[in-house]
Amino acid sequence: MATLAERRSLEPWQDPKAVPYLRIDRVTKKFGDVYAVDDVSLEIFQGEFFSLLGSSGCGKSTLLRMLAGLEYPSAGRIYIDGVDVTDVPAYSRPVNMMFQSYALFPHMSVEQNVEFGLKQDRMPRRERGERVGEMLDLLKITELRKRRPDQLSGGQRQRVALARSLAKHPKLLLLDEPLGALDKRLRENTQFELVNLQERLGITFVTVTHDQEEAMTMSTRIAVMDAGQIMQVDTPTAIYEFPTCRLVAEFIGSINLFEGKVVATEGNQVLVETRVGRPMRMRAFHPMVLGTPVTVAVRPEKMRLCADFRDDGVNQLKGRVEDIAYLGDVSIYRIRVGDGALVEMTLTNVQPRTEQALTWEQEVAIEWSPTSGVVLTE
Amino acid sequence: MRRRRWPLLTLLAFGYAFLYVPILLLIIYSFNESRLVTVWTGFSTKWYGELLRNRQLLDAAWLSVRIAAVNATLAVVLGTLAANALVRHRNFRGRTGFELLLTAPLVMPDVIIGLSLLLLFVAMQQTIGWPGGRGFTTITIAHVTFSMAYVAVVVRARLSQMDRSLEEAAMDLGARPLRVYLTITLPLIAPALFSGWLLAFTLSLDDLVIASFVAGPGSTTLPMVIYSSVRMGVSPQINALATIIVAVVTLAVVIAGILMRRGREVR
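About the thresholds
Residues numbered from 1 in each chain as written. Chains lettered and ligands numbered in written order. Predicted model: local features only at pLDDT ≥ 70, side-chain atom pairs only at ≥ 80, totals over all residues. Heavy atoms only, no water. Patch = residues over 30% accessible without salt bridge, like charges linked within 9 Å, V, L, I, M, F, W, Y side chains within 5 Å. Areas by Shrake-Rupley, 256 points an atom, 1.4 Å probe, with all protein chains shown as cover. Salt bridge = Lys/Arg side-chain N within 4 Å of Asp/Glu carboxyl O. Lys, Arg positive; Asp, Glu negative; His and termini not counted. Charge placed at Lys NZ, Arg CZ, Asp CG, Glu CD. Helix = DSSP H or I, 4+ residues; strand = E, 2+ residues; numbered from the N terminus. Buried < 20%, exposed > 50% of the residue type's maximum accessible area, 1.4 Å probe, protein only. Contact = heavy atoms within 4.5 Å. Buried area = accessible area lost by both parts, 1.4 Å probe. Polar contact = N/O pair within 3.5 Å; in protein donor to acceptor, adjacent residues only side chain to side chain. 1 Å grid on protein atoms, 1.4 Å probe; cavity = no way out; pocket = protein on both sides within 12 Å on 5 of 7 lines; lining within 4 Å. Points joined across faces, edges and corners; volume = space filled by probe spheres on them. Nonpolar A, V, L, I, M, F, W, Y, C, P; charged D, E, K, R; others polar.

Peer 1: How should I be thinking about a positive patch on the surface in this particular structure?
Peer 2: Where like charges cluster on the molecular surface, the positive patch consists of A:K119, A:R122, A:R125 and B:R179. Relative to the elements of secondary structure, B:R179 occurs in helix α8 (residues 177–206). Residue classification places B:R179 among the partly exposed residues on the basis of a relative accessible area of 39%.

Structure, rendered in C-alpha cells:
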C-alpha cells in the first residue's frame, strides 16, 4: 500500500490538465416518481480506487449499475475514456463488474466461470486457457479450478468472482459491496489485498460500500451520497477531518456538534457562541458574516482533559462523566455538560483500566484547539 | 425416553398402501388366467399375448403416446414463453389479464373446455376449411391449451426464484441477451422444463373428457378405448397394458433420476 505522501504526489484530481478516465455528467435516474440518482456529476481518473459511500437506498448502487450498463440514465451522459457510452448496452462496454452476491454461475466450475467472458470475446482456446490459469494464479485459487460454486466458502467465492471480473483485463472494474459478505477478520485481510491488486494491475476501481471503515482504508477518494445526491467528494483524510456539511460529518465516525452563531471574526478564526457555554474559537476556511448560524464540529479523539480551566477560556467545557465505554485500546467517555448536552471524548488507554483516573460521576474539564475541528454552515 | 416411532410408521405405511396397493393389484391381476378381472384362478401371461394381437388397443395406445409427446413439447415451449413474460416483464399492458387467462384452464371444467373447442373447430372448418376433420391435430391442440398452463406455473416458480444478477453478470461479461438465455437461463431452469414436460405428457395421456369432444372417427385415444370397453366388461388385456405403461414410466423416471445425478457429479 502506498503511503499517504506517495499518494499525494499522484493526485490527478488536483491537476487542472488531467483528463478524467470516467466522466459522469449530470446523470439522473428516476424510478417512477422517485429520484434514485439526482443530477450527479463526477470525474474519476485512471488508476483511482474510488468509493461511493452511503447508507442503503442512497442511490450508490443504481449509479454503479448505470456505469455497468445494467440501467440506463433518465438524463445525463456517461463517458469512459472520452467515449460516450450512455446508450451502449452492458455487453459492449469495456467495463466489468463484481456483484454483491458474486453471481457465480452455479452450473459451471470455477474454471468455466472465469473463462465465460473470454469465450464471449471469441478468444482462441489456447489463449483462453493461459489467461484463466493466470487469473487463478493471481488470486491463488488454482487448486479450486474444478470445483463448483456451491462447494466453495464465502472467501473463495469472492476470489472467484474477482478473477472472473478481471479475466477480460478491463480498464475499469466496478465492485458492488466487494467485502460485504465476508466476516470481519477476512474482510480486513482482503481490503489490503484488494488495494495491492488494484495498484499492481493499474486498473481503475469504482466500489460501492456502506461501510465507512472499508472506504477509508481502501480509497484514493470517497464520494459520500445521500438521497441520490453527492454530498462531498474528497480524499479519506479530508472527508474525515474536514467534512463540509453535517451529514458527512455525522456519517463518518462519531462527532460532537455544537449549534450556534458567529459573533466575531479574528483573522482566519471565528468566534462562535453556542448554547453549551462560553464562546468557541475555531479556524474557518471561508470568510463568514457575523450572525451566520453555524455548527462547530469536533471529533471525540480531538478532545483532551483540561489542566487549567479558566472562566474566560475558549474551547473549554466543564461536565460530569456519565458513561464510559471501554474498548480495550481506547475508552469513550460521555460527558454531560452545562446545558444538558452530551459530549463524547475518546482517550487512549495508556494505563491499564484499573489505574485510570477518570470514573463515573466525576467532574471533568475538557478542551480542544481551534484547528482540531471545523465550522459547518449547513 | 426414546420417542415411539410406530404411530408415524403406521401412518406412512397407510399412505403408501393407499397410493400403491391398487397399482400392485392391477399388476398382479394382469397375470391372472381367468377371464374375470376380479377372480384369481392361476398364473398366466396369455393376456399379454392377446394384447399384442389387439390392433385396436395398440393403435389407441400409440396414438395417445404420440399426442402426449407432441403436446408436452409444444406446451413446454409455449408455457416457458408465457412464464418468461410474467416473471421478466413486470408491468406490460394487460399483464393481469394475461395472467388470469393463462391460469384459467387450471380451474375450468374439462367439459367446458372440450365443448367450446369442439364448437371452435367446427366453426373453423366451415369458414376456413381447417382443420379438415377431427383427430390427431385437434386433440393435440386441445391438450396444449390446458397443459401449457400447468407448464407455465411450474416454470414460473423456478424463474422467479432465479437470481437475476446471474444473467446480469453474463451480460456484463459480454454475452448478448440470446446467448445469456441459452447459456445461463435455460440450463438453470432445465429441471423445471423437464418436470413440466413430464407433467404435460401425463395430463395428455390421462385425458378422457376433452379428447372425447374433439376426437373424430378413427382417432380413438387409449383412455377412450379403456372407458368404452369397461362399460362392456373389462378385459384383463387392459390390466396387461396398464402394467406395461407403469413399467415404462417407472423406467423413465429411474433413468431420468440417474442422468440428473450423474450430471450433477460430472460438473
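Peer 1: Would you explain the interface of chain B and chain A in this entry?
Peer 2: Interfaces are frequently sized by the accessible area removed from exposure as the parts join. On the chain A side, the residues contacting the 20 residues of chain B number 23 residues. Both sides of the chain B and chain A interface together cover about 2,000 Å² of buried area, and 61% of this is carbon and sulfur. Remark: the boundary between chain B and chain A carries eight residue pairs in polar contact (both at pLDDT 80 or more). Breaking the side of chain B that touches chain A down by element, the ones donating at least two residues are α7 (164–172) and α8 of chain B.

Peer 1: Just checking my understanding: could you explain empty space enclosed by the protein for this structure?
Peer 2: A probe as big as a water molecule, rolled over the atoms, marks out the empty space that is left. For the coordinates displayed, the defined rule picks out two cavities of 30 Å³ or more. Here the largest cavity is characterised by a volume of approximately 50 Å³. Around the largest cavity, the lining residues are A:M97, A:M98, A:F99, A:Y102, A:A161, A:R164, A:S165, B:A169, B:D172 and B:L173. Among the elements of the structure, β6 (95–98) and α5 (154–166) of chain A together with α7 of chain B are those that each provide at least two residues to the lining of the largest cavity. Among the elements that take part in the lining of the largest cavity, α5(A) stands out by supplying three residues, more than any other. When grouped by side-chain class, the residues that make up the lining of the largest cavity number seven nonpolar, one polar and two charged.

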